[in-house]
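# Summary of the model geometry
Chain residues, written in single-letter form:
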Amino acid sequence: MTEKYHSPVLIIGSGAAGYTAAIYTARANLQPRLISGMEPGGQMTITTDVENFPGFADVIQGPWLMEQMRMQAEHVGTEIFNDLITSIDFSKKPFTAVADSGNTFTADTVIVATGAKARWLGLESEDKFKGYGVSACATCDGFFYRGKEVAVVGGGNTAVEEALYLTTHADKVTLIHRRSQLRAEKILQQRLLEHEKIQTIWDCVVEEIIGDENPLGVTAIKLRNVKTNEINELSVHGLFIAIGHTPSTDIFSGKISMDREGYIITAPDSTATNISGVFAAGDVQDKIFRQAVTAAGTGCMAALEVEKYLSEPTK
């Protein structure tokens with residue numbers, strides 16, 4: 001039997017942004033309801049070692065951190081639904097969202113925290129080694145490859161920036177691109193091509209990721225030349241996929257302002273969107289930093305802005 005729920009604030013999406021927004025709105029006695037989405041906890045649930053989240057002297061696990069945030073949100077009064085929003089109406093208030101379960105949620109304000117997903121190569125071996133040598137975030141995981149050899153896949157700004165960043169940790173970085181020239185800005189290309197730690201392999205794609213079973217870890221990758229079909233093997237300790245991210249904003253298409261890549265546009269120094277009463281936090285509106293700590297920060301901002309918005313007598 002389907003149910004109808006109303007609350008002052010509805011948070012769509014979990015992860016660091018959603019859970020932080022939930023903690024702050026619950027502590028403000030706003031009775032938040034949070035819909036966790038397809039992947040409760042977001043991208044952090046596929047991250048193993050986390051060493052850069054403030055407050056932990058020892059390495060922690062991404063799934064554990066998200067579970068702690070979830071429990072904290074529930075402890076202070078958030079009602080969490082393991083469900084997925086499939087449609088939403090921002091045209092009138094209260095806002096209305098319908099979940100996959102058939103349940104309907106109405107709210108005076110909405111915080112969108114649905115995140116963004118890294119684009120992957122789609123290899124079976126890639127799935128096997130995610131978090132064990134395969135990563136989509138050099139800033140998050142580069143530290144673990146000090147003195148080692150790594151590879152980056154991609155040809156745009158993100159791939160070049162990741163490769164340059166990794167030189168601060170790794171002894172050698174190999175950039176692999178399926179074409180014969182990069183798409184990145186010229187100044188970035190120049191920095192990459194002139195860097196003594198970076199080599200570039202052109203016209204190649206990753207066919208397979210090779211590694212050890214116990215302990216699980218990457219040792220090499222198989223590359224196929226797209227022009228000759230020749231197969232070669234490259235020894236590496238880590239592989240970074242940098243072929244872009246896709247924001248999880250399909251259900252908001254045409255209903256809220258987004259940029260051409262699908263990221264929700266927020267006002268400067270704010271999480272407010274173009275719709276009064278709707279806010280966006282985390283990777284769904286941040287395509288630059290994409291860190292758990294920055295997502296948590298914007299989750300806090302969204303909650304404080306919601307509290308202020310609801311306290312205004314005209315709302």
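What comes next is a walk through the structure.

## What about the environment of Thr-298?
Position of Thr-298 relative to the elements: it lies in helix 7 (residues 292-311). Here Thr-298 falls in the buried class, since its relative accessible area comes to 15%. Residues Thr-298 and Thr-2, spaced 296 residues apart in sequence, show a C-alpha to C-alpha distance of 32 Å.

## Overview of the sheet that holds strand 15 (residues 216-225)
Reading across the sheet, the 3 strands line up as 14-15-16 and stay open at both edges, with antiparallel pairing between neighbours. Only two strands of the sheet have a single neighbouring strand rather than two, namely strand 14 (204-213) and strand 16 (231-235). When strand polarity is set aside, the average angle formed by the axes of neighbouring strands in this sheet is 30°. With 9 bridges connecting them, strand 14 and strand 15 associate as antiparallel partners.

## Some remarks on helix 5 (residues 157-166)
Those residues of helix 5 that fall on the buried side of the exposure criterion are Ala-159, Val-160, Glu-162, Ala-163, Leu-164 and Leu-166. Residues of helix 5 that are buried make contact with helix 4 (138-141), strand 11 (149-153), strand 12 (172-176), helix 6 (186-194), strand 13 (198-201) and strand 17 (238-241).

## Some details on the sheet that holds strand 10 (residues 134-135)
Taken in spatial order, the 5 strands line up as 10-17-11-12-13 in an open sheet, and their pairing is parallel. Two strands lie at the open edges of the sheet, namely strand 10 and strand 13, each paired on one side alone. Sheet analysis places strand 11 next to strand 12, joined by 5 bridges and oriented parallel. Bridging from a neighbouring strand, Val-152 pairs with Leu-175 of strand 12.

The rules we used
Residues numbered from 1 in each chain as written. Predicted model: local features only at pLDDT ≥ 70, side-chain atom pairs only at ≥ 80, totals over all residues. Heavy atoms only, no water. Helix = DSSP H or I, 4+ residues; strand = E, 2+ residues; numbered from the N terminus. Buried < 20%, exposed > 50% of the residue type's maximum accessible area, 1.4 Å probe, protein only. Pairing = 2+ DSSP bridges. Axes fitted to C-alpha atoms, helices over the stretch in contact; angles between N-to-C directions. Contact = heavy atoms within 4.5 Å.

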